Amino acid sequence: MGKGKVRWHLMMSLDGFAAGPGHSMDWMAGVKAGRGVVQESIASLGAVLGGRSGYDALAERYPGRASKQPYGGAWSGPVFVLTHHPEDAIPDPGVTFLNCDVAEAVEIGLAAAEGKDLELHSQDIARQCVERDLIDEFRVHLAPVMLGSGVRLFDCPGIEPVRWARIHDGDPAEAVDLRYRRA
């Protein structure tokens, strides 16, 4: 069995937020990913690794069901939450809490994914993985909304630029042109 990829997959607002204040995801209501994107992602997804802040926000909103929220409940599988304090986490039978180094958490998640991909659902964990070169693929969907505040996509002052090669048939260094008008 092959080894899956570590992928950072998310929706982002036009002004660079991956979640609203308090890790709110309500702003995504009515926003759709491109045709087939969700199905493609679910088909290759083996496990999810999230962070404690996002988990706590979900666990308060969906008691005992936070682990069933990836892809709106359309996917099920191993869900891991990396935390320094697993003893005071809101329990969820579908979540395994990890208290270890991020690289070890990635290895645990990949092993549980059984050859499929491990998806990161935490901006802080993704930042740590970027710093350690642990991410194989980054996929972002730009939503036509500005939030003004919330959880930034990538907040890492002082880091050297991190370059990504766009996956498509053309020039991988070509910028993506976006054009919007006020709705």
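Just so you know, these numbers come straight off a predicted model, no measurement behind them. (Residues numbered from 1 in each chain as written. Predicted model: local features only at pLDDT ≥ 70, side-chain atom pairs only at ≥ 80, totals over all residues. Heavy atoms only, no water.)

**Section: a nonpolar patch on the surface**
Defined as follows: Each patch groups residues whose relative accessible area exceeds 30% and which form no salt bridge, using 9 Å between like charges and 5 Å between nonpolar side chains of Val, Leu, Ile, Met, Phe, Trp and Tyr. Residue burial considers only the protein chains on display, and all accessible areas are found by Shrake-Rupley using a 1.4 Å probe. Put simply, a salt bridge is a Lys or Arg side-chain nitrogen that is within 4 Å of an Asp or Glu carboxyl oxygen. A run of H or I in DSSP becomes a helix once it reaches four residues, and a run of E becomes a strand once it reaches two; helices and strands are each numbered from the N terminus. For every residue, the accessible area obtained with a 1.4 Å probe (protein chains only) is divided by the maximum for its type, and the residue is called buried under 20%, exposed over 50%, and partly exposed between those limits.
Taken together, the side chains of Leu 14, Met 146 and Tyr 180 define a hydrophobic patch exposed on the protein surface, amounting to about 320 Å² of accessible area. Looking at the secondary structure, you find Tyr 180 in the segment after strand S8 (151–152). Classification of Tyr 180 by relative accessible area gives partly exposed; the value is 43%.

**Some words on the pairing of strand S3 (residues 45–51)**
For the record, the criterion: Strand pairing follows a simple DSSP-based rule, namely that at least 2 bridges must link the two strands.
Among the seven residues in S3, seven count as buried, and that is most of the element. Direction of pairing for S3 relative to strand S6 (residues 117–121): parallel, over a ladder of five bridges. Counted as the bridge partner of Val 48 is Glu 119 from S6. Bridge analysis of S3 against strand S4 (residues 79–82) gives four bridges, and the strand direction is parallel.

**A short note on the environment of Glu 107**
Its location among the elements puts Glu 107 in helix H3 (residues 102–113). Taking the C-alpha atoms as reference points, Glu 107 and Leu 10, separated by 97 residues in sequence, lie 21 Å from one another.

**Let's talk about the packing of aromatic side chains**
This is how the line gets drawn: Any Phe, Tyr or Trp ring, taking Trp's six-membered ring, that has another such ring centre within 6.5 Å forms a pair; planes under 30 degrees apart are called stacked, those over 60 apart edge-to-face, and the others tilted.
Counted according to the given criterion, the structure contains four aromatic pairs. Judged by centre distance (6.3 Å) and plane angle (55°), the rings of Trp 8 and Phe 154 are tilted. A residue pair is termed long-range when its members are at least 10 positions apart, and Trp 8 in strand S1 (residues 6–13) and Phe 154 in the segment after S8 qualify at 146 residues. When the ring of Phe 138 is compared with that of Trp 164, the centres are 5.3 Å apart and the planes differ by 40°; the resulting orientation is tilted. Within this pair, whereas Phe 138 is found in strand S7 (residues 137–143), its partner Trp 164 is found in the segment after S8, the two being separated by 26 residues in sequence. What links up through ring pairs into an aromatic cluster is the set Trp 8, Phe 138, Phe 154 and Trp 164.

**With respect to the pattern of salt bridges**
Two side chains that carry opposite charge are able to pair once their charged atoms sit near each other. Per the stated rule, a full pass over the model turns up eleven salt bridges. The salt bridge involving Asp 88 is made with Arg 52; its shortest N-O contact spans 3.0 Å. With Asp 88 in the loop between S4 and strand S5 (95–98) and Arg 52 in helix H2 (residues 52–61), this residue pair connects regions lying 36 residues apart in the sequence. We classify Asp 88 as partly exposed; its relative accessible area is 49%.

**Here's the deal with unusual backbone geometry**
Positive phi, normally seen in glycine, also occurs at Glu 114, with a value near 50°. Looking at the secondary structure, you find Glu 114 in the loop between H3 and S6. With a relative accessible area of 58%, Glu 114 lands in the exposed category. Positioned with a positive phi, Asp 133 is a non-glycine residue whose angle comes to about 60°.

**Some points on the nonpolar core**
Quick reminder of the rule: Only buried residues count toward a nonpolar core. Its members are Ala, Val, Leu, Ile, Met, Phe, Trp, Tyr and Cys residues joined through side-chain atoms within 4.5 Å.
Core analysis: the largest hydrophobic core is formed by 23 residues, its most contacted members being Leu 49, Leu 120 and Ile 135. For this core, the secondary structure elements donating two or more residues are S1, S3, S4, H3, S6 and helix H4 (123–131). The greatest single-element share of this core, amounting to five residues, is contributed by H3. Ranked by size, the runner-up nonpolar core spans nine residues in total, among them Ile 42, Leu 45, Val 79 and Val 95.

**Quick word on the sheet that holds S7**
Test applied: Convention adopted: a line fitted to C-alpha atoms gives each axis, helices being fitted over their contacting stretch, and angles between N-to-C directions are expressed from 0 to 180 degrees. Contacts between residues were defined by any pair of non-hydrogen atoms, one from each residue, lying within 4.5 Å.
Strand order in the open sheet formed by six strands is S5-S4-S3-S6-S1-S7, with parallel pairing between adjacent strands. Strands with a single pairing partner mark the edges of an open sheet, and in this sheet they are S5 and S7. Taking the axes of each pair of neighbouring strands and ignoring which way they run, one obtains an average angle of 25° across the sheet. Sheet topology note: the S4/S5 ladder contains four bridges and is parallel. Residue pairing across strands places Phe 80 opposite Thr 96, the latter belonging to S5. Packing of H3 onto the sheet brings it into contact with S1, S3, S4, S5 and S6, and relative to S3 it is tilted by some 155°. Contacts from H4 reach S1, S3, S4 and S6 within the one sheet, and its direction differs from that of S1 by about 130°.

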